[in-house]
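# Topology and contacts: notes
One letter stands for each residue in the lines below.
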Amino acid sequence: MWEKLEALRAARAGRRISALFETDPQRAQRFTVQTCGLLLDYCKTQLDDESRAALIDLAAEAGVAARARAMMGGACVNETEGRAALHTALRAPETAGAIRVAGEDVLPAVHATLRRMEDFARAVRGGSAGGAGGAYTDVLNIGIGGSDLGPAMAVQALKPYADGPRCHFVANIDGADLADTLAPLDPARTLVIVASKTFTTVETMTNARTARDWMARSVDRPAEQFAALSSAVDRTADFGIDDSRVFPFADWVGGRYSVWGPIGLSLMIAIGPERFREFLAGAHAMDRHFLEAEGADNMPLMMALVGIWHAQVCGYPTRAVLPYDQRLARLPAYLQQLEMESNGKGVAMDGTPLARPSCPVVWGAPGTNAQHAFMQLVHQGTQVVPCEFLVAARGHEPELVHHHRLLVANCLAQSEALMRGRTLDEARQMLAGRYEGQELERQARHRVFPGDRPSVTIAYPQLDPQMLGCILALYEHRVFAEGVILGLNSFDQWGVELGKELAKSVDSALSGSGIGASASTATLAAFLRGGGA
Ligand code: F6P
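Values in this document were obtained by computation on a predicted structure and should not be read as measured data. The residue count restarts for each chain, going from 1 along the sequence in the order it is written. Since the coordinates come from a predicted model, pLDDT governs what is reported: local features require at least 70, and pairs of side-chain atoms require 80 or more to be given and counted, while whole-chain, interface and lining totals use all residues. Heavy atoms from the whole structure form the basis of all side-chain values; hydrogens and water molecules are not counted.

Paired strands are those between which DSSP finds at least two bridges. Helix and strand assignments follow DSSP, with helices taken as H or I runs no shorter than four residues and strands as E runs no shorter than two, numbered in order from the N terminus. Inspection of the sheet shows strand β12 (residues 318-324) paired to strand β13 (residues 361-364) by 4 bridges, in the parallel sense. In the sheet register, R319 faces β13, and the bridge partner there is V362. Note that the unit made of β12, helix α14 (residues 331-343) and β13 has a crossover that is right-handed. Orienting the strands away from the viewer, one traces the path from the first strand over the helix to the second; a clockwise path indicates a right-handed crossover.

Taken together, the 6 strands give an open sheet; going across it, the order is β1-β2-β15-β14-β12-β13, and neighbouring strands pair in mixed fashion. Strands at the two margins of the open sheet, each flanked by one partner only, are β1 (32-35) and β13. Between one strand axis and the next, the sheet turns by 15° as a mean value, whatever way the strands run. With 6 bridges connecting them, strand β14 (residues 387-392) and strand β15 (residues 455-460) associate as parallel partners. Within the sheet, the bridge partner assigned to V391 lies in β15 and is A459. We call two residues in contact when some of their heavy atoms are within 4.5 Å. Fitted lines through C-alpha atoms give the axes, limited to the stretch in contact for helices. The angle between two N-to-C directions lies from 0 to 180 degrees. The strands touched by helix α13 (residues 299-313) within the sheet are β1, β2 (38-41), β12, β14 and β15, with β2 carrying the most contacts at an inclination of about 25°.

Working note: α-helix, 3.6 residues per turn, so residues spaced by three or four point in the same direction. Multiply 1.5 Å by the residue count of a helix minus one, and that product is the helix's expected span. Along its 20 residues, helix α16 (residues 401-420) runs 28 Å from first to last C-alpha, staying within 8% of the 28 Å computed at 1.5 Å per residue. Think of it in three bands: residues with accessible area under 20% of the maximum for their type are buried, residues over 50% are exposed, and the middle band is partly exposed, with areas taken using a 1.4 Å probe on protein chains only. Considered for burial, the residues of α16 that qualify are H404, L407, C411, Q414, S415, L418 and M419. End-on, the buried residues of α16 take up no more than an arc of 130°, which puts them together on one face. Residues of α16 that are exposed and point more than 90 degrees away from the buried face comprise V401, R405, L406 and R420. Directly beyond the C-terminal end of α16, a positive phi value near 70° is found at G421. Along the arc lie the directions from the helix axis toward the C-beta atoms.

A few words now on the site of the ligand. The environment of the ligand is formed by 14 residues, the closest being S147, S196, T198, T201 and E341. N or O atoms closer than or at 3.5 Å make up a polar contact, with two conditions inside protein: a donor-capable atom paired with an acceptor-capable one, and, for residues adjacent in sequence, both atoms drawn from side chains. K197 places a main-chain nitrogen or oxygen 2.8 Å from an oxygen atom of the ligand. Accessible surface is estimated by sampling points in the Shrake-Rupley manner with a 1.4 Å probe; for residues, cover comes only from the protein chains shown. Considering the ligand on its own, with 390 Å² of exposed area, one finds that the protein chains cover 87% of that surface. Only protein atoms enter the calculation, which uses a 1 Å grid: trapped sets of points that fit a 1.4 Å probe without letting it out are cavities, open sets showing protein on both sides within 12 Å along at least five of seven lines are pockets, and any residue with an atom within 4 Å of a point is a lining residue. Throughout, a molecule is located in a cavity or pocket provided that more than half of its atoms lie within 2 Å of its grid points. Taken atom by atom, the bulk of the ligand overlaps the largest pocket. When grouped by side-chain class, the residues that make up the shell around the ligand number 2 nonpolar, 9 polar and 3 charged. A single heavy atom is enough: if one lies within 4 Å of a molecule or strand, its residue is considered near that molecule or strand. Each residue gets one of three labels, nonpolar for Ala, Val, Leu, Ile, Met, Phe, Trp, Tyr, Cys and Pro, charged for Asp, Glu, Lys and Arg, and polar for the others, Gly among them.

Moving on, we come to the domain arrangement of the protein chain. With domains assigned, the protein chain is organised as domain 1 (90-277) and domain 2 (504-533). When each unit is reduced to the centre of its C-alpha atoms, the spacing between domain 1 and domain 2 is 36 Å. Domain start and stop points were drawn from an automatic or database domain assignment.

A separate point is the environment of D186. Relative to the helices and strands, D186 resides in the loop between α8 (175-182) and β9 (190-195). In this structure D186 comes out as partly exposed when scored by relative accessible area, which is 34%. The sequence separation of D186 and D287 amounts to 101 residues, and the corresponding C-alpha distance is 41 Å. A distance of 2.9 Å separates a polar side-chain atom of D186 from the backbone nitrogen of A188.

To pair, rings of Phe, Tyr and Trp, with the six-membered ring standing in for Trp, must have centres within 6.5 Å; the planes then decide the type, stacked if under 30 degrees apart, edge-to-face if over 60, and tilted in the middle. In total, this model carries 11 aromatic pairs according to the counting rule given. Judged by centre distance (5.7 Å) and plane angle (70°), the rings of F31 and Y42 are edge-to-face. Remark: Y42 occurs in the loop between β2 and α4 (49-62) and F31 occurs in the loop between α3 (27-30) and β1; sequence separation between them is 11 residues. Y42 sits in the buried class, given a relative accessible area of 0%. Between the aromatic rings of F480 and F491, the centroid separation amounts to 6.2 Å while the plane-to-plane angle is 35°, which identifies the pairing as tilted. Taken together, the residues F480 in helix α19 (residues 465-486) and F491 in the loop between α19 and α20 (497-510) connect sequence positions 11 residues apart. Counting every residue linked through ring pairs, the aromatic cluster contains Y257, F290, F480 and F491.

In this section: the side chain of S51. On the secondary structure map, S51 appears in helix α4. We classify S51 as buried; its relative accessible area is 0%. Those residues in contact with S51 that lie beyond four places of it in its chain are L5, L8, Q46 and W309.

Right, let's talk about the nonpolar core for a bit. Grouped together as the largest cluster of nonpolar side chains are 117 residues, with contacts concentrated most on L38, Y460 and L468. Sort the elements by how many residues they give to this core and α19 lands first, with 14 residues. In this view, Y460 contacts G37, L38, D325, L328, L390, V391, A392, A393, M467 and I471; residues no more than four positions away in its chain are not counted. Among the nonpolar cores identified, the runner-up in size contains 22 residues, and V194, A211, F226 and A228 belong to it. The definition of a nonpolar core used throughout is a set of buried Ala, Val, Leu, Ile, Met, Phe, Trp, Tyr and Cys residues joined through side-chain atoms within 4.5 Å.

Take a look at the structure:
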């Protein structure tokens, strides 16, 4: 099938995306998918009926649908770590029917923990659980990677629904992150949540100990103002956190897929348990859709197939995510972990080298800011960057609808401009009154846009908890489907280990006790150990 896709691509060289609209008046309807209130438009790509059908065949050959059923049914799909990948169980209603791992239904424990989280969140929000100085005014989540990016992104995304204590996030081992965040906080009225699946991650444990010292300077029993979210409950006890404030989760919840369970506690405290349930319900609706919809009606599958077309068939090495929704400013960072930690692999599930490029580099920033920063390259640079736009029909600021109209206009104009471009003739005509002769020719060339640059647009009514849940689950399943098609394991992350190991020996070098690294690293270590002189 890959050869067929490559042949289809080659046969269409020179055909412009805009020409597809001329030959198919129904394209705008036929190359879109709608579900759960979302609209995915992939008309502005080179896909046509034949290439779409071949991509759907590719997914069928790879067994995406069967693998999705296996994943959501609790099978051991994370083969290199020997476990299930059951984040979908965290958002399944209690009535969904048993989901078994090693013969045991996981839903009762998931919902028991969810209810404990809800009781705790209500107590924190209502003030009956507080610190030495009274009701909590601030919540500090200390975690990194999936124990930070999901809740930090979601709390920002759902700010209009946040009516609980203020939430803050510290991830970096750089003391600047913790120092700047702690500076305005009152230790007597701050709840510290230590979020770490393993409870061994050096950044998180170092920050947690420093935060405990900070609190101990003004609070008699600091451990009572700590809660923990982890799979390693023995370690949370060693840290001194009482079991009543420990919210456990199973090893089958991967870090980058964990915002739906205990790792989402800060979000639940911010928006309240009812809104958090809406967030889960949105994701669950997308799970059902992914399991049930077929072929071109399946939105995550179509997102994956467009991604495969661009990265593996066309060979475009990056993909830009452009939310025209300021509150999704942290979505690109969240997706960088979700997509690149999941599918940035070099070998297939069986250990053989991947035959095709792995996941593209995912990057991006909110519009319209991006237009005034890097979109120059996307429009006129020599490389093609497929873009993903996200935009809501409504904002949350009824008094600022004119801002929202301009935001939407800019979003739609970007995808239109990327596709349409501007020819040399059009540029000449545009400048004819201002320049002439050779100068006209020179100036005109700078104003040519090649166009024919692909993009997809995800549109939705409003960024509310249910919709955010839908959007994140859409991306999770897209990553999963791409991983199955590439034949790799989307649920391990061995690539982060080597740097962690070497950091330990370099750390010894910085403290003067030798180093087993290259001369370059040893020289840098000596310079830094000497204070940079
Ligand atoms: O180092 C990568 C990673 O393992 C991520 O996959 C994970 O989200 C992050 O570290 C944090 O891990 P933990 O929750 O165990 O502290």
